[in-house]
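Breakdown of the fold
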Amino acid sequence: MNTPRWIILLVLLAAAFGAGHVVGSSGGDGAAPELTTSSVPEPSSVEAPGAVLHGSQGPTLAAPPSASATAAPLARALAELPALDVPRGDGRIDVIVKTDEGVGVQGVRVLCVPEMPKSLVRSWQDVPRDQIDSAELLLDYANRLRWGKEAAVEAVTDASGACSLEGLSQAKHSVRAQADGWQIRSASRSTSEVEPGSTVEFKAKQRTQVRIEVVMPDGSVPEKAQITFRNGGSSRGGRWSPDRPDVDAEVGTWDVSATAGDGELFRSQAEQVTVEVGRPAPVVRLELVERTVLKTTVVPPDGEEVGQVSLRQIRVPSGARPDPALLGSVHDREHLHPQQGSVLTHTSYDLEPGTWLVGAYRGWNGPLLVSQTVDVKPGQNELTLKLPPTARKEYALVRVRGPDGKPLAGVSFTTSFESDSGSMSSGGGTVVTRPEGEYWVFHPSDGTSGEKGTCRISVEHAKLGRQLLSYAAGEAPTFDVRFEEPATLEVVVEGLEGDRYVGRLGVQLVAATDSKSAHMMRPTSTPVDGEGRAVVTGVQPGTFRMSLTLARGPWGGMPIAEEEVRVRPGMQRVRVEVPTLYVVEIEGVTAQAHLRSTTGEPMFRSMVVVQPGAEGRAIVDGLVAGEYHLQMGAKVTTFRLPGTSKVRIE
């Protein structure tokens, strides 16, 4: 059987990655992209730059002399891949690039790339590791890289600083701009999801250069260094080397510093420099000194994977006892996210020598697992924290199976706690994945404080839906969760007159449990289309409260109708009736006011934020019948619907 050429490509591509022959826009050590020297163009007279936008093209295939035999067939295999099917259309995005003074910048290269169609994007989240096909995985990655090159549309700004990107499909586009000698940023909005018909504005600042001299404590010159420019809350940086001592810098006054050495163990004091266009590059000498650092390694218990861990540390005051209670006053913490089988490490820089107390906590706000003191001396210091074995009382054991009865991958968890006094908290939940579809879901932090209440776990799968588990605080239960084939609901909204609320309605499903906790774990709304229909997919069979919500500006959707629904497997059609909705005109609104329902739904689900309009008037629509409480500062007004059409705050 003949081997397809794309498989040969993937083999070569994998080899190239393994040998380090595929070069991206930044180094593999995670450092910032290297700053390059460049000429400074004048406003409205800039020649079209030849520089390639960082990250805008596919991978650059660079081959050292010793790798030429591998690179040539790899390049041929890439060239022989069939072109990607890039949708085109008659869409257009206009771009304008100006300085802060409003002068257009000519010759700026502008490039836009549409988001990849879902048909070309493969999701690997739900595929177990042992079932991932390496060839398909590499082909998917190669296509993502190629998309940035084959789908790109570009233009160059004219003398007024304007250009148009044409022939675009009706998709969201990422727009970038770059010119040698200029720092170009978006003027007001994100440029990662721009739709045709939009105008994108960029602000451009001229850049010049600074000559940097970096010296080690013994007077030698390091092989490389990282340079950082800071000005108030603004900062930028790049790499430095002896053969490239000139680095780009924006016009202005900057504090310049350098770090070097493995783990950035050497650092300079900041030196102030003023950068001006048209003047010789200033020279800055940065003398490095050894930093006092502490590298903490967190070792999991034998035979266990470590879950999320937070580190807190504090310098023990002279003469004080290193009581772990001192760590409770530390607000800054380092949250460590482990990968499977990884060792957790964190390095703290520029510590004051002395005795330090370091503690490892479960999750973000969980219990203290272990603490230890370390005598920090000038230079490099290390500490190892060995976590104790996990006690069974610390977690709920959750076994998750799919419709076929096999362990289910791609499951996420959210935990919440509701005390008997009514207070609530929720979070992502600290989870440790065990073999064969088992998970240790650690109790919510408030559920370990000794307060009586109910802990809840939301178990969710992207395609199958979610299930809600609950247990009393202090217990350590075992749950066997079996996902069934998901149901699909077609919701038909009836009684909606006119188009006032078209595009503002949504449908939410909440498991028929306590309303407060269910609200905290509520999924996002499914929008209702112009024909009054919404299709909700990925629902596990069971009993739900179905809410019809109405969006109110930036404050999200609030329920206007709710009823119980028994969801069965397969496709199911349900109907919901829109209640009579009322409109109220409010006068005397001179500041932000709050309108709350005092009947029916709980207050936190019924609050409306009222913003002042022209002449102190505001219109609030979509209100259901009931009593309302309107407050602006100390002024309070109450009214009832129906029966009120105009209210004045007095």
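Summarised in this report is the structure supplied together with it. All values derive from a computational prediction rather than experimental measurement. (Residues numbered from 1 in each chain as written. Predicted model: local features only at pLDDT ≥ 70, side-chain atom pairs only at ≥ 80, totals over all residues. Heavy atoms only, no water.)

Regarding the overall build of the chain
Scanning the chain from N- to C-terminus turns up 4 helices and 45 strands. Within the chain, the proportion of its 650 residues that are buried is 41%. Across the chain, every contact between residues at least 6 apart in sequence was considered, and the portion connecting residues at least 24 apart equals 69%. When the accessible surface of the chain is summed, it comes to about 33600 Å², and 48% of that surface belongs to carbon and sulfur atoms. (Helix = DSSP H or I, 4+ residues; strand = E, 2+ residues; numbered from the N terminus. Buried < 20%, exposed > 50% of the residue type's maximum accessible area, 1.4 Å probe, protein only. Contact = heavy atoms within 4.5 Å. Areas by Shrake-Rupley, 256 points an atom, 1.4 Å probe, with all protein chains shown as cover.)

Considerations on the sheet that holds strand β24 (residues 395-401)
Taken together, 4 strands build an open sheet; the order of strands is β27-β28-β24-β31 and the sheet is mixed. A single partner strand is all that each edge strand has here, and the edge strands are β27 (431-434) and β31 (478-482). Ignoring strand direction, the axes of neighbouring strands in this sheet form an average angle of 25°. Here 4 bridges tie β27 to strand β28 (residues 438-442), and the two strands are oriented antiparallel to one another. Within β28, the position partnered with Val 431 by the bridge is Val 441. (Pairing = 2+ DSSP bridges. Axes fitted to C-alpha atoms, helices over the stretch in contact; angles between N-to-C directions.)

With respect to empty space enclosed by the protein
Considering all chains together, one arrives at 1 cavity of 30 Å³ or more under this definition. Of the volumes computed, that of the largest cavity is approximately 60 Å³. Considering the residues around the largest cavity, the lining is formed by 13 residues, among which Pro 301, Glu 304, Arg 362, Leu 387 and Thr 390 are closest to the centre. Split by residue class, the lining of the largest cavity holds 8 nonpolar, 2 polar and 3 charged. (1 Å grid on protein atoms, 1.4 Å probe; cavity = no way out; pocket = protein on both sides within 12 Å on 5 of 7 lines; lining within 4 Å. Points joined across faces, edges and corners; volume = space filled by probe spheres on them. Nonpolar A, V, L, I, M, F, W, Y, C, P; charged D, E, K, R; others polar.)

A short note on the side chain of Glu 587
Summarising the element assignment, Glu 587 is placed in strand β39 (residues 582-587). Residue Glu 587 is classed as buried on the basis of its relative accessible area, which comes to 14%. Discounting residues that sit within four places of it in the chain, Glu 587 has contacts with Gly 616, Arg 617, Lys 646, Val 647, Arg 648 and Ile 649.

Examining the nonpolar core
Counting 24 residues, the largest nonpolar core has Val 491, Val 507, Met 546 and Leu 548 as the members making the most contacts within it. At the level of secondary structure, the elements contributing two or more residues to this core comprise β32 (487-494), β33 (505-511), β35 (533-539), β36 (542-551), β37 (557-567) and β38 (570-577). Residues within four places of Leu 548 in sequence aside, it is in contact with Val 493, Leu 505, Gly 506, Val 507, Val 528, Met 558, Pro 559, Ile 560, Ala 561, Val 576 and Val 578. (Core = buried A, V, L, I, M, F, W, Y, C linked by side-chain atoms within 4.5 Å.)

Considerations on unusual backbone geometry
Working note: non-glycine residues mostly have negative phi, and peptide bonds are mostly trans. Cis geometry marks the peptide bond from Leu 641 to Pro 642; its omega dihedral reads 0°. Take Pro 642: it is sitting in the loop between β44 (635-641) and β45 (646-648). Positioned with a positive phi, Glu 615 is a non-glycine residue whose angle comes to about 55°. With respect to the secondary-structure elements, Glu 615 resides in the loop between β41 (608-610) and β42 (618-623). Looking at Glu 615, the relative accessible area reads 72%, which means it is exposed.

Description of the packing of aromatic side chains
For the structure shown, the criterion picks out 6 aromatic pairs. Consider the rings of Tyr 395 and Trp 440, whose centres lie 4.5 Å apart with planes at 15°: the pair is stacked. Here Trp 440 lies in strand β28 and Tyr 395 lies in strand β24, a separation of 45 residues in the sequence. For the ring pair Tyr 628 and Phe 639, a centre distance of 5.6 Å and an interplane angle of 15° mean the geometry is stacked. Of the two residues, Tyr 628 sits in strand β43 (residues 626-632) while Phe 639 sits in strand β44, which places them 11 residues apart along the sequence. Through a chain of ring-to-ring contacts, three or more aromatic side chains come together here, namely Tyr 395, Trp 440 and Phe 442. Positioned over the ring face of Phe 442 is Arg 362, at 4.0 Å from the centre of the ring. Across from the ring centre of Trp 440, 4.3 Å away, lies the NZ or CZ of Arg 434, which sits over that ring. (Phe/Tyr/Trp six-rings, centres within 6.5 Å; stacked < 30°, edge-to-face > 60°. Lys NZ or Arg CZ within 6 Å of the ring centre and 35° of its normal.)

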